[in-house]
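Now for the letters of each chain:
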Amino acid sequence: MKTKDLVYIALFAAITAALGLVPAVQVGPVPITAQTLGVMLAGAILGARRGFLSQLLFLVLVAIGLPILPGGGGGLAVFAGPTAGYLISWPIAAFVIGLLTERFWARYNLAWGTVANVVGGILVIYAIGVPVLKAVTGMPWDGALWFGAAVFIPGDLIKAVVAAVIAVQVRRSYPVIERPRRAVAVR
């Protein structure tokens, strides 16, 4: 791995941490935070591998106790609470977003970026976060779906579009993801 890659990974872990400074809105056991925007940006700008590693680094920093979650949260205890599934899903979500971004790189635009962010940054996160929320809190499925997904949808859709707008501009001015190389035909 190149030094440049390590810098990008650390930068996007730091961006996700900085987004934790935005005050969270408590709507139940899981707060509304700006940090999922960092997850979406990591995947959309860095690609699958580096996006995954940036969010994994972020989780390692949380696990060792740095207070980088909203409200100064951190430490191993957060991985046993109602938000554990959401946190654990972040590297996977960044990977999926990055994979979709790389797949559609040649025709990447606002629409494709938004689709990638919705699939990876919303569906993947909810698919992992909601069942863990239900298991940890013991709430029924309807409550887990409401407090773990439904209340987040409007804000997450806005974050998906914002991340796509930023990713499109970064792609135009300073593309971090390299263009896929065409395979050389062997005759």
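A brief report on the enclosed structure follows. Just so we're clear, the structure is a prediction, and the values are computed from it rather than from any experiment.

### A short note on the layout of surface pockets
Counted as a void, the largest pocket has a volume near 340 Å³. Surrounding the largest pocket, 19 residues form its lining, V30, P31, T33, T83 and W90 being those nearest its centre. Contributing elements (two or more residues each) for the lining of the largest pocket: β2 (31-32), α2 (35-46), α4 (84-103), α5 (110-137) and α7 (153-173). In terms of residue class, the lining of the largest pocket is built from twelve nonpolar, five polar and two charged. The computed volume of the second largest pocket comes to approximately 190 Å³. Contributing to the lining of the second largest pocket are K2, D5, L46, G47, A48, R49, R50, E102, V176, I177 and E178. Here the lining of the second largest pocket gets three residues from one element, more than from any other, and that element is helix α3 (residues 48-63). Here the lining of the second largest pocket is built from residues that sort into four nonpolar, one polar and six charged.

### With respect to the packing of helix α1 (residues 3-19) against α2
In the contact formed by α1 and α2, the axes pass within 7 Å of each other and the chain directions differ by 160°. Between α1 and α2, the interaxial angle falls into the category roughly antiparallel. Crossing handedness for the pair α1 and α2: right-handed. Along the contact surface, α1 presents Y8, I9, F12, T16, A17 and L19, while α2 presents Q35, L37, G38, V39, L41, A42, I45 and L46.

### As for the nonpolar core
Counting 45 residues, the largest nonpolar core has F58 and Y126 as the members making the most contacts within it. Contributing elements (two or more residues each) for this core: α1, α2, α3, α4, α5 and α7. When neighbours within four sequence positions are excluded, Y126 is seen to be in contact with P131, G148, A149, F152, I153 and D156.

### Focus on the side chain of T33
Turning to its location among the elements, T33 is positioned in the loop between β2 and α2. For T33, a relative accessible area of 14% corresponds to the buried category. Engagement of the side chain of T33 in a polar contact is seen with the backbone nitrogen of Q35, the distance being 3.3 Å. Leaving out residues up to four positions away in the same chain, T33 has contacts with A24, P70 and K159.

### Focus on the packing of aromatic side chains
Taken as a whole, this structure holds five aromatic pairs when the rule is applied. Measuring from ring centre to ring centre gives 6.4 Å for F52 and F95, while their planes differ by 85°; the resulting arrangement is edge-to-face. Taken together, the residues F52 in helix α3 and F95 in helix α4 connect sequence positions 43 residues apart. Using a relative accessible area of 28% as the deciding quantity, one classes F52 as partly exposed. Consider the rings of F104 and W112, whose centres lie 4.0 Å apart with planes at 15°: the pair is stacked.

### Some words on empty space enclosed by the protein
By rolling a water-sized probe across the atoms, one finds the places where empty space is left. This model, assessed by the stated rule, comprises one cavity of 30 Å³ or more. Each pocket or cavity is described by its volume, and for the largest cavity that value is around 40 Å³. Around the largest cavity, the lining residues are A44, I45, W105, Y108, A167, V170, R171, P175, V176 and I177. Looking at the lining of the largest cavity, the elements with two or more residues in it are α2 and α7. With three residues, α7 is the largest single contributor of residues to the lining of the largest cavity.

### What to know about the pattern of salt bridges
Using the criterion set out here, one finds two salt bridges in the structure. Linking D5 and R50 is a salt bridge whose minimum nitrogen-to-oxygen distance equals 2.8 Å. Of this pair, D5 sits in helix α1 while R50 sits in helix α3; the two residues are 45 residues apart in sequence, bridging distant segments of the chain. The partner of K159 in a salt bridge is D156, with the nearest N and O atoms 3.1 Å apart. Note that K159 and D156 are positioned in helix α7 at a spacing of three residues, about one turn of the helix. For the residue pair K159 and D156, the accessibility class agrees, reading buried in each case.

Definitions and limits used
Residues numbered from 1 in each chain as written. Predicted model: local features only at pLDDT ≥ 70, side-chain atom pairs only at ≥ 80, totals over all residues. Heavy atoms only, no water. 1 Å grid on protein atoms, 1.4 Å probe; cavity = no way out; pocket = protein on both sides within 12 Å on 5 of 7 lines; lining within 4 Å. Points joined across faces, edges and corners; volume = space filled by probe spheres on them. Helix = DSSP H or I, 4+ residues; strand = E, 2+ residues; numbered from the N terminus. Nonpolar A, V, L, I, M, F, W, Y, C, P; charged D, E, K, R; others polar. Axes fitted to C-alpha atoms, helices over the stretch in contact; angles between N-to-C directions. Parallel < 35°, antiparallel > 145°, perpendicular 65-115°, else oblique. Left-handed = near helix turned anticlockwise from the far one by under 90°. Contact = heavy atoms within 4.5 Å. Core = buried A, V, L, I, M, F, W, Y, C linked by side-chain atoms within 4.5 Å. Buried < 20%, exposed > 50% of the residue type's maximum accessible area, 1.4 Å probe, protein only. Polar contact = N/O pair within 3.5 Å; in protein donor to acceptor, adjacent residues only side chain to side chain. Phe/Tyr/Trp six-rings, centres within 6.5 Å; stacked < 30°, edge-to-face > 60°. Salt bridge = Lys/Arg side-chain N within 4 Å of Asp/Glu carboxyl O.

All we've got here are geometric facts, nothing functional implied.
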